[in-house]
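Fold and contact review
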Amino acid sequence: RVQGVVVLAVVIDEQGRVVQVAVRASLGLGLDERAVDAVRKWRFRPATRNGRPVQTTAIIEVSFHLL
């Protein structure tokens, strides 16, 4: 049983979809892949510049805890 945080760097497009994901801090044991799969399903409110949606990057931490 493993717990901890997977840190992901993501690129979010103008529609709020995750288009690229890179693992910055890994836990291994398949948890990295689960974190990437989960974040790819998320939708965000796009960043805006001068009132227009733009592509942006973000760092996301996905925590895994034992219950």
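Structure first, text after, so check above.
I will try to describe carefully the structure that is included in this document. Computed from a prediction, not measured in an experiment: that's the story for all the values here.

Procedures and definitions
Residues numbered from 1 in each chain as written. Predicted model: local features only at pLDDT ≥ 70, side-chain atom pairs only at ≥ 80, totals over all residues. Heavy atoms only, no water. Helix = DSSP H or I, 4+ residues; strand = E, 2+ residues; numbered from the N terminus. Buried < 20%, exposed > 50% of the residue type's maximum accessible area, 1.4 Å probe, protein only. Contact = heavy atoms within 4.5 Å. Pairing = 2+ DSSP bridges. Salt bridge = Lys/Arg side-chain N within 4 Å of Asp/Glu carboxyl O. Lys, Arg positive; Asp, Glu negative; His and termini not counted.

This part takes up the overall build of the chain. Of the regular secondary structure elements, the chain holds one helix and five strands. Starting at the N terminus and walking to the C terminus, you meet the elements of the chain as β-β-α-β-β-β. With the C-alpha coordinates aligned to their principal axes, the bounding extent of the chain is approximately 45 × 20 × 15 Å. For the chain, the proportion of its 67 residues judged to be buried stands at 30%. In the chain, the proportion of contacts linking residues at least 24 apart, taken out of those at least 6 apart, comes to 62%.

What follows is about the pairing of strand 1 (residues 4-12). With seven of its nine residues buried, strand 1 lies for the most part within the structure. Bridge count between strand 1 and strand 5 (residues 56-64): nine bridges; the pairing is antiparallel. In the sheet register, A9 faces strand 5, and the bridge partner there is I59. Counted along the chain from strand 1 to the antiparallel partner strand 2 (residues 18-25), the turn is five residues long, and its residue G16 has a positive phi close to 90°.

Turning to the pattern of salt bridges, a few remarks are in order. What the rule picks out here adds up to one salt bridge. We note a salt bridge from R17 to D13, for which the minimum N-O separation is 2.9 Å. Given the relative accessible area of 39%, R17 is considered partly exposed.

Relative to the helices and strands, D32 is located in helix 1 (residues 31-41). We note that D32 is buried and unpaired, the nearest opposite charge coming from R34 at a distance of 10 Å. When near neighbours in sequence (up to four residues on either side) are disregarded, D32 contacts V6, V23, S26 and L27.

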